[in-house]
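Geometric and topological summary
Below, each chain spelled out in residue letters.
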Amino acid sequence: MAASNYSLKVNRDLLDPNFESYRLSLDAIPTYNVELDAAVEEVKLKDSHYTLEHMRAFGMYNYLHLDPWYEDSVVFVDCKGRVLSLTVTLDTALGKPREVYRFPDESGRAEDRLCASLSLTSATWAALSDGGGRLYLLRTGKRGDGSHSRWEPLFTEDLGEPFTVLHSVSHVQSGVHNMEVLLLRVQKDPTETKGSGYSVCLEWITVASQEKKYEVRKRRLLRGKSVPHYAAVEPKGKGLMVASAKPFVFTHVDGRPVEQPEPEPMEVEKTGGSEGGLLGELPGGLEEASCWGFTALHLEVTLQKRSEGPLWPELVTGDGRGEYVMSDEQAALIHERLTHLTSEDLNGNPDRDKPPCNSQELEDCDGFPEDSSSLTHFDEASLKPTQVVNLGSHQYLFTVDVDPSEMPCLCLRHDVDALVWQPRPEQPGNMWEHVATFNALGYVQASKRDKKFATCAPNFSYASLCECLRRAFIYRQPSPVETVLFNRKQGRQVGQVAKQQVASLDSDKPILGFRATNERLYILTSSNLFVLKVNNN
C-alpha cells in the first residue's frame, strides 16, 4: 500500500476575513481554590535527560487529566502514589479530591523513573503507568455516577524501560474485549552517532481478554528522531496517526524486525534515447558523482550534470508530471533577460528605490519552526503509511478531546489563525476535517514567550493559554454586543466583539496541569487546584 500525499482542506465558511482583534475585557473571572493534602508528584529531569526530546516528552508533561466521558471531572497523581479524582458540581462548594487508586509501595521507585501518566481509555477503563516501566489497566466503573468506587487493576505487567502513556482506546472485536495502549520512550541509540545519541520509540500494545484474563496479544514498535506532537490510535484499533517533526517507521512486531520494503522500480515505456528508457534525453550527460539512497519514506536520487548551461526538460521519458525548480540565481537571470518584454516603461525595476525588507524588523511570531513536520496515518494491517500531510509552516499548537467516541483533535496554525482538525479515519477522502477556527490565535500564541500549555473548550467557545507561572489568558469567540459600536476607520457598525480575559492566580508555584471544559478552566500547581468559572450555561 503506497502512501499518498494529502492536503488539509480548509472550510472557508469557518474563516472570518473581517476579524479585527481581541478586546481586553476587565470582567472578573470567578476563581476557586482547592488546597491539596499532598503535593502533586512532579518528577524532575535527571542529568542524563539532557536532550531537547527529553524536555519535550517529560519536562512539559501535563499532570492534570480531564475525563472526556464525565464533564468537569479531573484526575491527577500525588507524591503518595494516590490517583485522585475531583468532580465539580457546585463551584462554591468544592470538595476534596477523592482517592480512587493507590500504587503498591514498591511500584515505580527506581532512580531513573519518569512521572506517573494516565489515559482514560473508556467510560469504565483507564490505563496507568507508575513511571518505572509498569503498565496498569484498571476497571473504573462508571466514574460519573457518584458511587465513589475504587478502581480495580485487571492487568499489570512490567514492560521494560520507563515510559509515559500517550493514548488508549477500548473496543470489542469478535466478542473479545481489546485495549490499545500507546507508550512513549526516549532511549539511547548506538546508531545515532551524529546527533544526541537518543532516539524516540513509540510502542503500540494490544491487550485482550483471554478466558477472563487480560494478556498482551501484540506489541509493535515505531522509531523516529523527534518526540511526536500528536499520536493516537483509531477507535477500533485499525490504524495510528502521528504528527512529528521527523518521520516514524515500524521496526518490530512482537520482537521480530519488520522488513523495510525495497522501492518498486519505475516502469516506463522504452522510447529510445541514450539512457535505456528510464531517463530522457539529458543534454550534456551525467557526472559519475550522481547517486541515490533511501530516506524513511522515499527513494532519493541525485543527478549531477556534466556541463553547466543546458536545461533538462524531463527526467523520465514521456513523464511530464515533474516540476522544474529553479534556483534564485537562475530565476533572477531569466527575469532580467525578460524585463524588457513585460515592462511598460523604461524602468524595468520599479522597486529599485524602495527599501528592502529588513528581517530584523520581523517579530518572533512571524517565524515558523525550522523543521518541516508531517502528519501520517499508518495502517495496522500493513504497518505502512497510507496518507501523509506535509504540515510545512502549519505549526502544531495543542491537542484536545472533543468527542470521546472520536480520536483527539489537533490544532494547527494556518497563517495567523488556529484551526482545529478532527481526524476521520473512516473517510479516506477527507481524513482530517476542519471543525473550528480561533481567529488570530496562531499569531497571539506565538507572541507568548512564557507559554507552557494551550487548550480549548470542547464546544470551541473559547481557547486558553497559560504561562509557566500564575497567568492564564482566555480568548473567546466573537459574540454579539449589547450596545451599538461603530468602527470609524472602516465606517461600519460592529455587531460582534471577541473578548480577551486575563486571570492571575494567587500562587507562586509553577503550573503543572491545564485543562478546559465548556464551563470551567482547571489549573494545577504542586499544592493547589484552581477552578476558574469561564462560562455560565
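These lines cover the structure that appears in this document, whether it is placed above or below. Computed from a predicted structure; not experimentally measured.

Focus on the overall build of the protein chain
When you go through the protein chain residue by residue, the secondary structure sums to 3 helices and 35 strands. For the protein chain, with 537 residues in total, the buried portion stands at 45%. Considering only intrachain contacts with a sequence separation of at least 6, the fraction spanning at least 24 residues in the protein chain is 55%. Here the protein chain displays about 29200 Å² of accessible surface, and carbon together with sulfur accounts for 48% of that area.

Considerations on the nonpolar core
With 23 residues, the main nonpolar core has Leu222, Leu240, Val242, Phe248, Phe250 and Phe378 as its most contacted residues. Per-element accounting of this core gives the leading share, 4 residues, to strand β14 (residues 198-210). Once residues lying within four places of it in the same chain are set aside, the contact partners of Phe248 are Val200, Leu202, Leu222, Arg223, Gly224, Ser226, Pro228, Val242 and Phe378. With 22 residues, the next largest nonpolar core counts Leu397, Cys411, Leu441 and Tyr475 among its residues.

So, the sheet that holds strand β8 (residues 117-119)
Read across the open sheet, the 4 strands follow the order β8-β9-β10-β11; overall the sheet is antiparallel. Lying at the two open borders of the sheet, with one neighbouring strand each, are β8 and β11 (152-158). This sheet shows a mean twist of 20° between the axes of neighbouring strands, independent of strand direction.

Some points on the pairing of strand β13 (residues 176-188)
The element β13 is largely enclosed, with a buried count of 11 among its 13 residues. Inspection of the sheet shows strand β12 (residues 164-173) paired to β13 by 9 bridges, in the antiparallel sense. Across the sheet, Val172 pairs through a bridge with His177, a residue of β13. Linking β12 to β13, which pair antiparallel, is a turn of 2 residues; within it Ser174 sits at a positive phi near 55°. Examined bridge by bridge, β13 and β14 share 11 bridges and lie antiparallel to one another.

Remarks on the pattern of salt bridges
Side-chain pairs of opposite charge can arise whenever the charged atoms involved come near each other. By the definition in use, this model includes 23 salt bridges. Two residues, Lys533 and Asp91, come together in a salt bridge whose shortest N-O distance is 3.7 Å. Taken together, the residues span a long stretch of sequence, with Lys533 in strand β35 (residues 528-533) and Asp91 in the loop between β6 (82-87) and β7 (98-102) at a distance of 442 residues. Assigned by exposure class, Lys533 and Asp91 land together as buried. The partner of Arg219 in a salt bridge is Glu203, and the shortest N-O contact between them spans 2.5 Å. Linking Arg219 in strand β15 (residues 213-224) with Glu203 in strand β14, this pair joins segments that are 16 residues apart in sequence. On the accessibility criterion, Arg219 (26% relative accessible area) is partly exposed. Here the salt bridges share partners, and the residues they tie into one network are Asp72, Asp91, Glu519, Arg520 and Lys533.

Examining the side chain of Thr206
Within the secondary structure, Thr206 sits in strand β14. Here Glu180 takes part through its side chain, which lies 2.5 Å from a polar atom of the side chain of Thr206. With sequence-adjacent residues up to four places away left out, Thr206 is seen in contact with Asn178, Met179, Glu180, Glu215, Val216, Arg217, Lys218 and Arg220.

Brief notes about the packing of aromatic side chains
Under the criterion given, the structure shown has 9 aromatic pairs. On the basis of an interplanar angle of 85° and a centroid distance of 5.5 Å, the ring pair of Phe250 and Phe378 is categorised as edge-to-face. Here Phe250 is found in strand β18 (residues 249-253), whereas its partner Phe378 is found in strand β22 (residues 373-379), with 128 residues between them in sequence. Residue Phe250 is classed as buried on the basis of its relative accessible area of 2%. Among the aromatic residues, those joined into a cluster by ring pairs are Phe19, Tyr22 and Tyr475. If you follow Arg220 out to its NZ or CZ, it ends over the ring of Trp204, 4.1 Å from the centre. Geometry around Phe473 places Lys448 over its ring, the cationic atom sitting 4.1 Å from the centre.

The rules we used
- The numbers attached to residues start from 1 for each chain and follow its sequence in the written order.
- Owing to the predicted nature of the model, reporting of local features is limited to residues with pLDDT of at least 70; listing and counting of side-chain atom pairs is limited to 80 or more, with chain, interface and lining totals taken over all residues.
- In computing side-chain values, all of the structure's heavy atoms are included and hydrogens and water are not.
- Strands are runs of DSSP state E lasting at least 2 residues, helices are runs of H or I lasting at least 4, and numbering of each runs from the N terminus.
- For every residue, the accessible area obtained with a 1.4 Å probe (protein chains only) is divided by the maximum for its type, and the residue is called buried under 20%, exposed over 50%, and partly exposed between those limits.
- Two residues qualify as a contact provided that any one of their heavy atoms is within 4.5 Å of a heavy atom in the partner residue.
- Methods summary: accessible areas were calculated by the Shrake-Rupley approach with a probe of 1.4 Å, and residue burial reflects only the protein chains presented.
- Working definition of a nonpolar core: buried Ala, Val, Leu, Ile, Met, Phe, Trp, Tyr and Cys residues. They are joined through side-chain atoms within 4.5 Å.
- When DSSP finds at least two bridges between two strands, those strands are taken to pair.
- The angle between two axes is taken between their N-to-C directions and runs from 0 to 180 degrees, where each axis is a line fitted to C-alpha atoms and a helix contributes only its stretch in contact.
- Any Lys or Arg side-chain nitrogen located within 4 Å of an Asp or Glu carboxyl oxygen qualifies as a salt bridge.
- For this analysis, a polar contact is any N or O atom pair within 3.5 Å, provided that within protein one partner can donate a hydrogen and the other can accept it, and provided that sequence-adjacent residues contribute only side-chain to side-chain pairs.
- What counts as a ring pair is set by centres within 6.5 Å for rings of Phe, Tyr and Trp (its six-membered ring), and what kind of pair is set by the plane angle: stacked under 30 degrees, edge-to-face over 60, tilted for all other angles.
- We call a charge positioned over a ring when the NZ of a Lys or the CZ of an Arg lies within 6 Å of the ring centre and within 35 degrees of the ring normal.

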